[in-house]
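Understanding the architecture of this molecule
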Amino acid sequence: MTRVFNFSAGPAALPEPVLRQAAAEMLDWRGSGMSVMEMSHRGKEFVSIAERAEADLRELLAVPDDYAVLFLQGGATLQFSAVPLNLMPAGGSADYVDTGQWSGKAIKEAKRYGNVRVVASSKDRNYSYAPAQDTWQPIDPKAAYVHYTSNETIGGVEFHWVPEAGGVPLVADMSSHILAGPIDVSKYGVIYAGAQKNIGPAGLTLVIVRKDLLGRARGDTPTLLDYKVQTEAQSMSNTPPTYAIYIAGLVFEWLKEQGGLDAIAAHNRRKAALLYDLLDASAFYHSPVRREDRSLMNVPFTLADEGLDDAFLKGAKERGLVQLKGHRSVGGMRASIYNAMPIEGVQRLVDYMREFEKERA
Ligand SMILES: *Cc1c(COP(=O)(O)O)cnc(C)c1O
């Protein structure tokens, strides 16, 4: 068996020890005589798995007690609707920051439910930076919430600071960098993330919501999207994505074994530095993102001659370095280096990039 280094933006690589443990437990989970996939979600075995996953996540992110942790379905995309349905009253408005494709989709969806004000945008420079807060329009104190995408997966732009929402609940789509390092959950009203980048398998969506925001959902909100209903049902209003929760739980245990999120963050900084140092030193490769806003998770880059893209990708694949093609909307390359990407994978990529530059530049 040969495992490749998988730089996919999502679904993305999972930690190998997690996959090995899942394989070992596939047919008989800890003496239960069945796979986790075959268990009742209300049985004591699965309930213990879900409770452990939530407890470990709360420990990793230091989630305060006045926040609910929900394991839902529908992806981050369904949260583009769930957030306004839960927080924005009919006829209300919300403030959004527009930093790229994902925030654009969130804005488009929110417009179906109320008035959306875009208070800041980086569109003027092709979404290559995170607009500093002093360039934003003032937050509307009557806004239901302020929404931003803390890591734009496609553009590779990350907010390395937390916006000040002036008492208005702050909502963040953290799909592509949650668990990459510690966060101060208490600064947020709602945090949400699709699992398939840095948490676990596709099919699971994490929502962390401050409890005082529960119970505001509009009357026409589908029951399954109502955060209060899901909080009271401990995310089991209907059958939850049981196997995905189990794998996410194994990922949380793995993160704790790595030393928790401070240790993971240090590791992620070392990994990203390997790539960005090369991009900065090279005239052949180029990073389109403003230096201080570069993502530690998604590293887009272009080659001086895009006619060499296919040869670059082919050579990479021959070396077991896969899924490096940039998003179809931006072209070029993108290396996604989530928690599960070992530093050896990044080192192998950097070595290959040097070699390719030497041959082709
Ligand atoms: C991947 C991604 C999404 C979409 O997630 P789905 O789970 O496919 O709905 C939304 N926002 C960001 C920032 C993402 O990276």
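To keep things clear, this report deals only with the structure shown in the data block. (Residues numbered from 1 in each chain as written. Predicted model: local features only at pLDDT ≥ 70, side-chain atom pairs only at ≥ 80, totals over all residues. Heavy atoms only, no water.)

1. Looking at the overall build of the protein chain
In terms of helices and strands, the protein chain carries nine helices and 14 strands. Here the protein chain has a C-alpha radius of gyration of 21 Å; the compact-globule value for 361 residues is 21 Å, and the two agree. Residues counted as buried form 56% of the 361 residues belonging to the protein chain. Excluding contacts between residues fewer than 6 apart, the proportion of contacts in the protein chain whose partners are at least 24 apart in sequence is 67%. Carbon together with sulfur atoms contributes 51% to the accessible area of the protein chain, which is approximately 15900 Å² in total. (Helix = DSSP H or I, 4+ residues; strand = E, 2+ residues; numbered from the N terminus. Rg over C-alpha atoms; globule rule 2.2 N^0.38 Å. Buried < 20%, exposed > 50% of the residue type's maximum accessible area, 1.4 Å probe, protein only. Contact = heavy atoms within 4.5 Å. Areas by Shrake-Rupley, 256 points an atom, 1.4 Å probe, with all protein chains shown as cover.)

2. Examining the packing of aromatic side chains
All chains considered together, the criterion is met by 14 aromatic pairs. With 4.8 Å between their ring centres and 85 degrees between their planes, Phe284 and Tyr285 make a pair best called edge-to-face. Each of the two residues, Phe284 as well as Tyr285, counts as buried. Ring centres of Phe284 and Phe356 lie 6.2 Å apart, and the angle between their planes is 50 degrees; on these two criteria the pair is classed as tilted. Pair noted here: Phe284 is in the loop between helix 7 (260–281) and strand 11 (285–286) and Phe356 is in helix 9 (residues 343–360), with a separation of 72 residues, a long-range link. Chaining the aromatic ring pairs together yields one cluster made of Phe284, Tyr285, Phe301, Phe312, Tyr352 and Phe356. Geometry around Tyr129 places Arg125 over its ring, the cationic atom sitting 4.1 Å from the centre. (Phe/Tyr/Trp six-rings, centres within 6.5 Å; stacked < 30°, edge-to-face > 60°. Lys NZ or Arg CZ within 6 Å of the ring centre and 35° of its normal.)

3. Some remarks on the nonpolar core
In terms of nonpolar packing, the biggest core is built from 59 residues, with Leu61, Ile178, Leu179, Ile199, Ile208, Tyr246 and Phe252 touching the most fellow members. Top contributing element to this core by residue count: helix 6 (residues 242–257), with eleven residues. If we ignore the near neighbours within four places in the chain, the residues touching Tyr246 are Gln21, Ala22, Glu25, Trp29, Val36 and Ile49. Residues Leu70, Val171, Val190 and Val207 belong to the second largest nonpolar core, which totals 28 residues. (Core = buried A, V, L, I, M, F, W, Y, C linked by side-chain atoms within 4.5 Å.)

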